[in-house]
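Listed here are the chains, written in short residue letters.
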Number of protein chains: 2
Amino acid sequence: MITSIAQSPLFPIANPKSIAFFGASNNYAAMGSSILTTILTDGFEGSIYPVHPKEKTVLNLTAYADVSDLPEIPDMAFIVLPTKIVVQTLKACGERGIRHAVIVSAGFNEVGGEGIDLQKQLQQIADHYQIRFTGPNCIGVVNSHLRLNATFLPSKGKQGFIGMASQSGSFITQMFSFLDDRYGQGFSTGFSLGNEANIDMVDCIEYLGACPNTRVIGLYIESIRQGQKFIEMARRVSLVKPIVAFYAGGSETGRKACLSHTGSLSGPDHLYDGVFKQSGIIRAHSIEELFDFCYTLGSSPLPRGNRLIVQTHSGGPGAAAADACERTGLELPQLSSETLEKLAPFIPHTGSANNPIDLTYTKNPLDFFHGIPEVLLEEEGADGMLIYFLASAKMVRTALTGMGVPKEEIDTQIKNIIDAQCSAIASLVTTHGKPIVGFSFLTRENDFIAGLQDRGVPVLPSPERAARAFGAMVDYTRLRNKLTQQKV
Amino acid sequence: MITSIAQSPLFPIANPKSIAFFGASNNYAAMGSSILTTILTDGFEGSIYPVHPKEKTVLNLTAYADVSDLPEIPDMAFIVLPTKIVVQTLKACGERGIRHAVIVSAGFNEVGGEGIDLQKQLQQIADHYQIRFTGPNCIGVVNSHLRLNATFLPSKGKQGFIGMASQSGSFITQMFSFLDDRYGQGFSTGFSLGNEANIDMVDCIEYLGACPNTRVIGLYIESIRQGQKFIEMARRVSLVKPIVAFYAGGSETGRKACLSHTGSLSGPDHLYDGVFKQSGIIRAHSIEELFDFCYTLGSSPLPRGNRLIVQTHSGGPGAAAADACERTGLELPQLSSETLEKLAPFIPHTGSANNPIDLTYTKNPLDFFHGIPEVLLEEEGADGMLIYFLASAKMVRTALTGMGVPKEEIDTQIKNIIDAQCSAIASLVTTHGKPIVGFSFLTRENDFIAGLQDRGVPVLPSPERAARAFGAMVDYTRLRNKLTQQKV
């Protein structure tokens, strides 16, 4: 396993100083133009050399008629050309001394027939010139920390901690909004793999394992091509950071769809369950879960075990969370008498100190964000918490208005209150080293939710998803402990 | 079963012309004040008579020192008083001739001890004066079509089609934003049941079954108190409109949480599974699913069977949808040769006419919204469709800019394009009578998603949730057919 991303064949692809771009023109509707537009608007600062047989400039960049005309040997070639001229282009790149490429063009193995032969030719050329490439039939590459977004949809520039390797480009380029809207997150680095004719998922796991901006690795899998290598690499990387995988080919119908999509041969569920277990990989059972798990695992300290306390203002969401916890294999222990004693002053007569701790209301709202969770995190019989967040800026506004706070001071006071409460929760996580996973039916449009998430406290959109994400952390702790013991 | 909501004891509670309000003051922090504020800001147009021993006005409304002073007998009393004076207040209401009430105050059966006795006293007074009431320990009542929101959080005023009866008030008042943000929906009418000392869930199902604004009924259940009555009522209503239930007490941990919350005795999962099946109720397994199912069932024509076609631009989301369909018991049939022939002109060489139909791209974007789904809805071997929506206003803007459309025309053109495309899909559903369920990782902030949803095409936030919502429609069709046959 590499110790630095610079040793990886993916390094020049994810961190290029210069790119030769094939397939962009001044026709905005073309896929190549669309990708180059994204690269430019997202703010990549390296050199880009469009190669175009006729145009003098492409999207206001100086264009070159032939790769041999380029003023330097670029770190990588980015190819979005019609299928029939991809092979000759890769060859020309090899002649020019280019050693890394991303091939977006489709029409290879995934369409069968002649495509299979064309893909073989790509591989032969790559071997001959020692070129390493991703694709063909991929969507590009993203490195948010370098502001490199070589895909056809603009990102929101969020520099995140989720490293992604995907056998569908959609789960890179179409997830920018999704990650930002739900979690205020983004990809650290994202690789779209396409047909994996040269670089494959094992290379990506190795790269992301060493990537300092990546705290957790997400995989979208339709088929694992090199089972043994995959398991060995994932086991090693899992010791360092969590890997979460979604597998789409487990059912008969899913398998057929994967075959149509990337020409890959998937295997049955139980086989992949075994592979994931051996690899120390957490399996997600939906796309939402894949990112819920990545987000939570990347945000939080790990729980030592599966015992947690649910804190809520509202009985229903508390009960739904409790029910979901048991279904996820989590335990809700009773509080020790010491904790109960410390908690008593905070609990009104309508509340309950059973677990879930249902306050029903708190006279001082800061108690909900500081005093109460502090007592609960000190409980030795618990490994972490779920907290239901209901507070909204609108409620604070109503309260302040009612208290007669002057209108011109209200916005500042709301901001201060939200800052104080969100910071209180975040610092409790740091000082106690136990995870708090929030859940709320509100979104990031609510400043409380954004405030918590932006301070590193994961907040998920339902009790069930919060419970399952907590469960994923417990699973990872167990898997890692097991792998560590086996290693020793 | 009633034939008109006017026959229900809940009618004056959900449709009051006048309310006696107990427990509001000029102290904004009090729960009663908070609820009365919501009633006023949400725009209720009936008469409100605050009753307060000292204040002359409450929140700018004329207040009355005693219920006997009111200028008329109001349709209902709304009580948010300290526990110890609730009994005497209900009695005074009875004396005054008030026959309906909502009791928000807590401290009854759910706290045990003296609370149990107090609740019995409420019941005796109600019996004596023939008062029907919801609660105690409930959160209020909502009728969006009357702009009545008697809960402590303001709604967004959305007049929706989901009728809700909930044993947790949170799933009424805290779901306004949730329903609006996700689906552009709201409650038609929402009842918070609390301890069900008088009116219970069976009454609510009956009311909502007859409610003309309610297309689908959602239930949050911690415990069913009158099993046989519940089953009989739900069976009858299920013939008319779908009922979806989430049950929180199925696990040991969930059961304990429900006991703390409302003092209710829940039963094991398998028992409730049986009750739901006998009742023709669709069971949801998470809060998100409860509302996904309600939203989809209320939006769409029902599928005749479980065979569907998945249409996508993107292989990965298509494969994930296909996989989820099989896991949900749905079938993806191969297309007939007739359909394949009609479809051929629309499919580029990189695309696939296997099911999922993966276009990869379409030269004319309107094809994706009209030409292609029209052909697919005509396929006799399929009962409906899932469609993946990726288009965003931003992409249309980029395309139009690229085509040289003048800046000042772009906004109008975008609006026209979105209108045309969303309307095209919506009218196909109407003309073909088959359901289309969309899925997208984008939210309603994207005008395409809002445009589809606002035209009645359900769009869900992931392939798995779309598949499961389609599955819920299939389940309801089957359950209803079975109940109809048994009835005959």
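Just so you know, these numbers come straight off a predicted model, no measurement behind them.

Residues and elements named next belong to chain A. In terms of domain boundaries, chain A breaks down into domain 1 (5–296) and domain 2 (302–476). Using only C-alpha atoms to locate each centre, domain 1 and domain 2 end up separated by 39 Å. Carbon and sulfur atoms make up 55% of the surface buried where domain 1 meets domain 2, a total of about 1,300 Å² over both sides. Between domain 1 and domain 2 we count three salt bridges in total.

Here we come to the packing of helix H17 (residues 407–432) of chain A against helix H18 (residues 447–454) of chain A. Each packed pair of helices is defined by two parameters, the angle between the axes and the distance between the axes. All names here are of chain A. Axis separation between H17 and H18 bottoms out at 9 Å; the angle between their running directions is 40°. Considering the angle they form, H17 stands oblique to H18. Viewed along their axes, H17 and H18 form a crossing whose handedness is right-handed. Where H17 approaches H18, its residues Ile418, Gln421, Cys422 and Ile425 are matched on the opposing element by Asp447, Phe448, Gly451 and Leu452. Residues belonging to the contact of H17 with H18 are distributed by class as follows: five nonpolar, two polar and one charged.

Here we take up the sheet that holds strand S1 (residues 18–22) of chain A. Residue and element names in this part refer to chain A. Taken together, the five strands give an open sheet; going across it, the order is S2-S1-S5-S6-S7, and neighbouring strands pair in parallel fashion. Each of the sheet's edge strands pairs with one partner strand only, and the pair in question is strand S2 (47–51) and strand S7 (132–134). Across the sheet, the axes of successive neighbouring strands diverge by a mean angle of 20°, strand direction being ignored. In terms of strand pairing, S1 meets S2 through five bridges, oriented parallel. For Ser18, the partnering residue across the bridge sits in S2 and is Ser47.

Across the contact, 68 residues belong to chain A and 68 residues belong to chain B. When chain A packs against chain B, the two sides together hide about 4,800 Å² of surface, and 59% of this comes from carbon and sulfur. Looking only at chain A, the three residues that lose the most surface to chain B are Gln174, Thr253 and Phe441 of chain A, adding up to 12% of its buried area. Counting the contacts that link chain A with chain B gives four salt bridges. Counting residues per element, the ones that place at least two in the side of chain A that touches chain B are helix H5 (170–173), helix H6 (176–183), strand S13 (243–247), helix H9 (252–262), helix H11 (287–299), helix H12 (315–327), helix H16 (393–402) and helix H19 (463–487) of chain A. With nine residues, the top contributor of residues to the side of chain A that touches chain B is H12 of chain A.

Mapping chain A onto chain B calls for a rotation angle of 180° and an axial translation of 0.0 Å; the resulting RMSD is 0.0 Å. What the superposition gives is, in effect, a two-fold axis relating one chain to the other. The share of interface residues of chain A whose copies in chain B are also at the interface is 100%, consistent with both copies meeting through the same surface.

All told, the structure shown has 43 salt bridges over all chains when counted by the stated rule. Notably, a salt bridge pairs Arg225 of chain A with Glu196 of chain A, separated by 2.9 Å at the nearest N-O pair. Taken as a pair, Arg225 of chain A in the loop between strand S12 (216–221) and helix H8 (227–238) and Glu196 of chain A in the loop between strand S11 (187–192) and helix H7 (201–210) lie far apart in primary sequence, 29 residues in all. Residue class for Glu196 of chain A comes out buried when judged on its relative accessible area of 9%. Of the charged contacts, one joins Lys156 of chain B and Asp181 of chain B as a salt bridge, the two residues approaching to 3.4 Å between their closest N and O atoms. Remark: Asp181 of chain B occurs in helix H6 (residues 176–183) and Lys156 of chain B occurs in the loop between strand S9 (148–150) and strand S10 (162–166); sequence separation between them is 25 residues.

Taken as a whole, this structure holds four cavities of 30 Å³ or more when the rule is applied. Put simply, the largest cavity is a space of about 140 Å³. For the largest cavity, the lining is made up of 16 residues, of which Ser144, Ser155, Gly157, Lys158 and Phe176 of chain A are closest to its centre. Mapped onto the lining of the largest cavity, the elements with two or more residues apiece are strand S8 (141–143), strand S9 (148–150) and H6 of chain A. Of the residues contributing to the lining of the largest cavity, the split by class is four nonpolar, seven polar and five charged. Computed from the structure, the second largest cavity encloses a volume of approximately 70 Å³. Every residue lining the second largest cavity is listed: Ala257, Ser260 and His261 of chain A together with Thr312, Gly315, Gly318, Ala319, Ser352, Pro356 and Asp358 of chain B. When residues of the lining of the second largest cavity are traced back to their parent elements, those giving at least two are H9 of chain A together with helix H12 (315–327) of chain B. Residue classes in the lining of the second largest cavity are distributed as three nonpolar, six polar and one charged.

What the five strands build is an open sheet, ordered S16-S15-S17-S18-S19 (chain B); its pairing is parallel. Across the chains shown, the open sheet's two edge strands, defined by having one partner strand only, are strand S16 (357–358) and strand S19 (459–460) of chain B.

The rules behind each value
What you see as residue numbers is a count from 1 along each chain, following the sequence as written. Chain letters start at A and ligand numbers start at 1, both assigned in the order the entries are written. In view of the model being predicted, local features appear only for residues whose pLDDT reaches at least 70, and side-chain atom pairs are presented and counted only at 80 or more, with totals across whole chains, interfaces and linings using the full set of residues. By convention in this description, side-chain values take in all heavy atoms of the structure and omit both hydrogens and water. An automatic or database domain assignment provides the domain bounds reported here. Defined in terms of a 1.4 Å probe, buried area is the accessible area two parts forfeit on being brought together, summed over both. For this document, the term salt bridge refers to a Lys or Arg side-chain nitrogen within 4 Å of an Asp or Glu carboxyl oxygen. Note on geometry: axes are C-alpha line fits, over the in-contact stretch for helices, and angles between N-to-C directions span 0 to 180 degrees. In this text, helices come from DSSP runs of H or I with a minimum length of four residues, and strands from runs of E with a minimum of two, each type numbered from the N-terminal end. Orientation categories follow fixed angle ranges, with anything under 35 degrees roughly parallel, anything over 145 roughly antiparallel, 65 to 115 roughly perpendicular, and all other angles oblique. Two helices crossing with the near one rotated counterclockwise from the far one by less than a right angle form a left-handed crossing, whereas a clockwise rotation gives a right-handed crossing. The contact rule is simple, with two residues in contact once any of their heavy atoms fall within 4.5 Å. In this classification, Asp, Glu, Lys and Arg are treated as charged, Ala, Val, Leu, Ile, Met, Phe, Trp, Tyr, Cys and Pro as nonpolar, and every other residue, Gly included, as polar. The rule for pairing is simple: two strands pair if DSSP sees at least two bridges between them. All copies are superposed by least squares; the fitting set is the C-alpha atoms of residues with a pLDDT of at least 70 in both. Whether a residue is buried, partly exposed or exposed follows from its accessible area with a 1.4 Å probe, protein chains only, as a fraction of its type maximum: under 20%, in between, or over 50%, in that order. The distinction between a cavity and a pocket rests on a 1 Å grid over the protein atoms alone: a 1.4 Å probe fits inside a cavity but cannot get out, while a pocket stays open yet meets protein on both sides within 12 Å along at least five of seven lines, and a residue with an atom within 4 Å of a point counts as lining. Grid points are joined across faces, edges and corners, and a volume is the space filled by probe spheres set on the points.

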